[in-house]
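Chain by chain, the residues:
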Amino acid sequence: MGPMLRFIAVRFGLALVTLFMVSFIVFGLMELVPGNCAQRYVAYKSTQGGGTITQADIRAEEERMGLDRPFMVRWLSWTYNMVATGYLGESCLKRVSVNQILKDKIWISMGICFAALFIAYLIAIPLGMLSSTMRNSAMDGSLRFISYLGLALPDFLVALIVMLIGTMVFGETLTGLFSEAYRDAPWSIAKLGDFLRHAWFPAFILGWSSTALQLQTVRALMSDEIEKLYVTAARARGLSGAKLFFRYPARHALGPLVNSIGFDLNRIFNGLPIVATILVLSEAGFVLLEALAISNDQEVAGAIIFLLTVAIVVLNFASDVVLAILDPRIRLGVV
Amino acid sequence: MAMTEDALPTAREAKKKEAYFTASQYQLVWARFRKNRSALIAGSILMFFILIAVFAEFVAPYEPTKAGFDRSYLNGPPQLPLFWDDNGFSLRPFVYTYKQKRDENFHLIFDVKKELDQRRYLEFFVEGWEYHLINTYVDLPGEGLDFRLTVLPMNRHLFGVDKGKVHLFGTDRQKKDLFSRVVFAIRISLSIGAIGVFIAFVLALAIGGTAGYYGGWTDRITQMITDAVRVVPTIPLFMAMAAFVPAEWSSEARFFFISMILGLVGWPTLARRIRTHILAERSQDYILASHLCGARPSHIIRRHLLPSFTSYIIVDLVISFPYMVLSETALSFVGLGLKDPVNSLGVLLQNVTDVDVMLNYQWYFIPLPIFVVIVMSFVFVGDGLRDAADPYTVHK
């Protein structure tokens, strides 16, 4: 167990370092934004209630928000609050915490995104494996085409096309995450069911690019592996069919896939805010877009970007550990 | 006699072989690329679009930014050029005359009537609005950086119609000609990609080159930073940066800023690849020899290391191009990227989520397939180039 524990400890340390740097990037970006939170708040308040803005108002607000402290102090306390206490900071415009604005929306987003990841692999792995056993160039060509399409037709364009067809042919828009009755209801089994009935569609759309690209990857990995000598040797010993397939090449070929999960989640997060506006999803991606495009609320935006990145870093760490469990070469540091 | 007949093909073969052995790397790459039919087709499609982008003023029959261009045609459907109909065949393509009437209830929806017997013939190389064949205009914030170069005034356009106006892709709600807008959008999208790729490339070269060349701790720290940048989802990051562009900036300044941040966020993948190349190459003997001759690191990187994988870098650039175009489209689509007077494919798609558009004006979606074709051909060309640049590809 020695090397395994060491491996996990090293990876955990690296993940922490990455998070630390990410928090610096995100927080630094929020700082570079012209105008700080206090100015934004005072300006917003004057548009709501009238009255003129004075320098003293802004100063007072800066002091209340703690913006008069040096950059390093604010950054470290921001990061500490995020990671250790889960407090996401205070919204610039409304005097409420980001936690309160997001509420369960961030969990809904994570749910959709992980569902998208799950659906993508659920489709890509079996289909890719199946197609690797069929050797013909028509299959090769069409799979390559689909994987390119996954790149050329990003999820928000797929969402647009599906919406167009839905509206033209069925007169239905396939939007939203809940039906009328459940939108503001508290969580219950019935609401969860309603959510699942609606959420499969955005999840599929979000996972579309990953599905298309992984399909090709799985096929390529499997085709390479099937041609290796040990598979021929196994066949010579009399193994055949599914037994041969799953016992030998499949186990080896699918290892590298675990590595790409983090990238796929990244890809899915990329599509999230835009798909959210098209499909009118009321979750964190939409809140992010709103914070950026409408209210210019840097605290909310920064917090959401940081949370999304944390999810990716955590998933990367988890997939590293899973890979180390599956593959002794990795935990011993041979490869 | 038989001898010479035999000798002739062998001589030709020998010549072919010699040409192969003495060919430069680019000739070899081109020879391999030519064999890849899909990449070749994609390449010609790409050239076609690049030509359209370069000669956008010539190709577009009307000014793309001019609202209310055709007063009688609001949200008008596309006008399809035909060669024949029930009234007979014509060598010169023609479009029908479209008459738009407000319907009886004075709703905003317009009824368009096609006058089948009133043909309007397409004409080529017609005179139209004035433009300059070379028109470079840079308006960055601040006076000193402004720059304008306009020469070669022209007013010829690829096509027009003998009576009235022709709208191949229809018009939008501001009566702008959608075809002209699409033509200009292709130019903007391609050039934003080019600038983004260029900036990303320079950054990647500096960062990846340093990391790969020095190795050790420099490499490890740079890799950590690169990984940290890579792990942040790019589109939300783009949005965060683009959202805070001051509203009073001109659309050109916006354009440059957007392409700049595309480059600033897009470098890590390229940097990583460059670093890997250099890391593998720097322990070669010829680098050591250059070291011993007293060459400086920058000289070695520039003169010896970079040329050793120029073809790979070109491939990487072509492959990263569609990502830039995609990101710009995504940004503009949600309204954080370019804004209206500047057309890009994303700007054109801004209004299509409207139910009204989806039910009545489906031609707003025309930019979408064009966009997909452009990105697709980039990916195909990139892939073909990658295979061609790899000397170890096995030809079956």
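Reading the values: rules and limits
Residues numbered from 1 in each chain as written. Chains lettered and ligands numbered in written order. Predicted model: local features only at pLDDT ≥ 70, side-chain atom pairs only at ≥ 80, totals over all residues. Helix = DSSP H or I, 4+ residues; strand = E, 2+ residues; numbered from the N terminus. Buried ≥ 20, exposed ≤ 12 C-beta atoms within 10 Å, placed from the backbone. Contact = placed C-beta atoms within 7 Å. Nonpolar A, V, L, I, M, F, W, Y, C, P; charged D, E, K, R; others polar. Axes fitted to C-alpha atoms, helices over the stretch in contact; angles between N-to-C directions. Left-handed = near helix turned anticlockwise from the far one by under 90°. Domains from an automatic or database assignment. Parallel < 35°, antiparallel > 145°, perpendicular 65-115°, else oblique. Expected span 1.5 Å × (residues − 1). pLDDT = per-residue confidence, 0-100.

Some thoughts on the overall build of chain B
Scanning chain B for helices and strands turns up 14 helices and four strands. Here chain B holds 396 residues, and 37% of them are scored as buried. Partitioning the intrachain contacts of chain B with sequence separation of at least 6 by distance along the chain shows that 73% fall at a separation of at least 24.

Here's the deal with the overall build of chain A
Secondary structure summary: chain A contains 16 helices and zero strands in total. Taking contacts inside chain A between residues at least 6 apart in sequence as the whole, the part at least 24 apart equals 73%.

A short note on the interface of chain B and chain A
On the chain A side, the residues contacting the 38 residues of chain B number 38 residues. Broken down by element, the side of chain B that touches chain A gets its largest block of residues, seven residues, from helix α7 (residues 234–242) of chain B. Tallied by class, the residues present in the side of chain B that touches chain A amount to 33 nonpolar, four polar and one charged.

Considering the environment of R302 of chain B
Residue and element names in this part refer to chain B. As for its position among the elements, R302 is in helix α10 (residues 297–305). We classify R302 as partly exposed; it has 14 C-beta atoms within 10 Å. Sequence-wise, R302 and G209 are 93 residues apart; in three dimensions their C-alpha atoms are separated by 9.8 Å.

Regarding the environment of V29 of chain B
Residues and elements named next belong to chain B. For V29, the position within the fold is in helix α2 (residues 25–34). Between the alpha carbons of V29 and F333 there is a distance of 38 Å; along the sequence they are 304 residues apart. Every residue in contact with V29, bar those within four places of it in the chain, is listed here: S311, A388 and A389.

Quick word on the packing of helix α5 (residues 178–214) of chain B against helix α8 (residues 251–281) of chain B
Residue and element names in this part refer to chain B. At their nearest, the axes of α5 and α8 sit 5 Å apart, and the two run at 35 degrees to each other. For the crossing formed where α5 meets α8, the hand is right-handed. Counted by class, the contact of α5 with α8 contains 23 nonpolar, eight polar and two charged residues.

Some words on the domain arrangement of chain A
Note on interface size: it is often stated as the accessible area lost on association of the parts. Residue and element names in this part refer to chain A. Taken domain by domain, chain A holds domain 1 (3–102) and domain 2 (105–333). Each partner contributes to the interface: domain 1 provides 27 residues, whereas domain 2 provides 24 residues. Taken together, the elements giving at least two residues each to the side of domain 1 that touches domain 2 come down to α1 (2–32), α2 (37–49) and α5 (98–102). No other element matches α1, which puts 14 residues into the side of domain 1 that touches domain 2. Classifying every residue of the side of domain 1 that touches domain 2 by side-chain character gives 20 nonpolar, four polar and three charged.

Here we look at the packing of helix α6 (residues 216–231) of chain B against α8 of chain B
Residues and elements named next belong to chain B. At their nearest, the axes of α6 and α8 sit 8 Å apart, and the two run at 140 degrees to each other. Judged on the interaxial angle alone, α8 and α6 are oblique. Crossing hand, α6 versus α8: left-handed. Residue-level inspection shows T226, V229 and R230 of α6 in contact with α8, the latter providing P268, A271 and R272. Of the residues contributing to the contact of α6 with α8, the split by class is three nonpolar, one polar and two charged.

Comments concerning helix α7 (residues 137–152) of chain A
Taking 1.5 Å of rise per residue, 16 residues should cover 22 Å, and α7 of chain A covers 22 Å from first to last C-alpha, within 8% of that figure. Within α7 of chain A, the full set of buried residues consists of L143, S147, Y148, G150 and A152 of chain A. Residues of α7 of chain A that are buried sit in contact with α6 (105–133) and α9 (189–226) of chain A together with α11 (310–333) and α14 (367–389) of chain B.

Details of helix α10 (residues 229–236) of chain A
When you tally the buried positions in α10 of chain A, you get zero out of eight residues, a small fraction of the element. Phi turns positive one or two residues past the end of α10 of chain A, at G238 of chain A, with a value near 105 degrees.

Regarding the confidence of the model for chain B
Residue and element names in this part refer to chain B. Residue-level pLDDT values for chain B average 77, and 83% of them are 70 or greater. In the model of chain B, helix α1 (residues 2–22) stands out as the element of lowest mean pLDDT, 68, in contrast to helix α3 (residues 37–54), which has the highest, 89. We note a pTM of 0.79 for the whole complex and an ipTM of 0.77 for its interfaces.

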